[in-house]
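Residue-level structural notes
Each chain, letter by letter, is given below.
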Amino acid sequence: KKQTISNLKYTNAYLDAGGDYKCVATNILQKNGMPANFTSPSTVVQVSPKVSVNSGQVNAVRGSSVHLICTATGYPAPDFMWKFNDKLMAGEVTDKTTSMSLSSLTLRNVTAISHGGVYKCEANNSALPSVSETITVMCELFSL
């Protein structure tokens, strides 16, 4: 009885490697017209997210609006989470928009006390680890 083992290994997989893979095996009986094949269950290749932000630092004028943009790739499409000074942002977000590869956060009527600090955009999917990038918002009293 001869047994053949076949492996498919991706290391440092890029986004285009993500998706469903299936192994189909045949032997000499099938080649002679007899049913002797095997199809494995589908295997999903996952790709860890990669994240980027529109700027590392934003200088905002008091009373203005600031748009923070975070993009991420990965398979499956990553989920986004925003943190402000290491605390999860929930109900206090003025305007947050998220799509499959982009999350934007709009801060309105910016003040140093309420909005000045470090914003972290974190992207994660079922392929670990999660990744993040930060944006520091500095609030100036007057425009120059």
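Look up a bit, the structure's there.
Here the structure is a predicted model, which means the values were calculated and not measured. (Residues numbered from 1 in each chain as written. Predicted model: local features only at pLDDT ≥ 70, side-chain atom pairs only at ≥ 80, totals over all residues. Heavy atoms only, no water.)

Of regular secondary structure, the chain possesses 2 helices and 13 strands. Within the chain, the fraction of its 144 residues that count as buried is 26%. For the chain, the share of sequence-separated contacts (at least 6 apart) that also reach a separation of at least 24 residues comes to 60%. Of the accessible surface of the chain, which amounts to about 10,000 Å², a share of 53% is contributed by carbon and sulfur atoms. (Helix = DSSP H or I, 4+ residues; strand = E, 2+ residues; numbered from the N terminus. Buried < 20%, exposed > 50% of the residue type's maximum accessible area, 1.4 Å probe, protein only. Contact = heavy atoms within 4.5 Å. Areas by Shrake-Rupley, 256 points an atom, 1.4 Å probe, with all protein chains shown as cover.)

Turning to the pairing of strand S12 (residues 117–124), a few remarks are in order. Relative to S12, strand S8 (residues 79–84) is paired through 6 bridges, and the arrangement is antiparallel. Counterpart to Asp-79 in the pairing with S12 is Asn-124. Judged from the 7 bridges that link them, S12 and strand S13 (residues 131–140) form a sheet pairing that is antiparallel. Pairing of Gly-117 across the sheet is with Val-137, part of S13. Here S12 hands over to S13 after 6 residues, the two strands then running antiparallel side by side. (Pairing = 2+ DSSP bridges.)

Pairing in this open sheet of 5 strands is mixed, and the strands run S6-S13-S12-S8-S9 from one edge to the other. Every other strand in the sheet has two partners, leaving strand S6 (57–61) and strand S9 (87–88) as the edge strands with one partner each.

Further remarks concern the environment of Asp-86. Among the secondary structure elements, Asp-86 is positioned in the loop between S8 and S9. The class of Asp-86 is exposed, set by a relative accessible area of 63%. Between the alpha carbons of Asp-86 and Lys-120 there is a distance of 7.5 Å; along the sequence they are 34 residues apart.

On to unusual backbone geometry. The amide bond that connects Tyr-75 to the next residue, Pro-76, takes the cis arrangement and shows omega of 0°. With respect to the helices and strands, the residue Pro-76 is situated in the loop between strand S7 (66–75) and S8. With phi around 50°, Asn-85 is a residue other than glycine that occupies positive phi space. Mapped onto the secondary structure, Asn-85 falls in the loop between S8 and S9.

Let's shift gears to the pattern of salt bridges. In total, this model carries 2 salt bridges according to the counting rule given. Here Asp-86 makes a salt bridge to Lys-120, at a shortest N to O gap of 3.9 Å. Taken as a pair, Asp-86 in the loop between S8 and S9 and Lys-120 in strand S12 lie far apart in primary sequence, 34 residues in all. Since its relative accessible area comes to 22%, Lys-120 is described here as partly exposed. (Salt bridge = Lys/Arg side-chain N within 4 Å of Asp/Glu carboxyl O.)

Topologically, Thr-106 is positioned in strand S11 (residues 102–107). On the basis of relative accessibility, which here comes to 6%, the residue Thr-106 falls in the buried class. For Thr-106, the side chain forms a polar contact with the side chain of His-67, separated by 3.1 Å. (Polar contact = N/O pair within 3.5 Å; in protein donor to acceptor, adjacent residues only side chain to side chain.)

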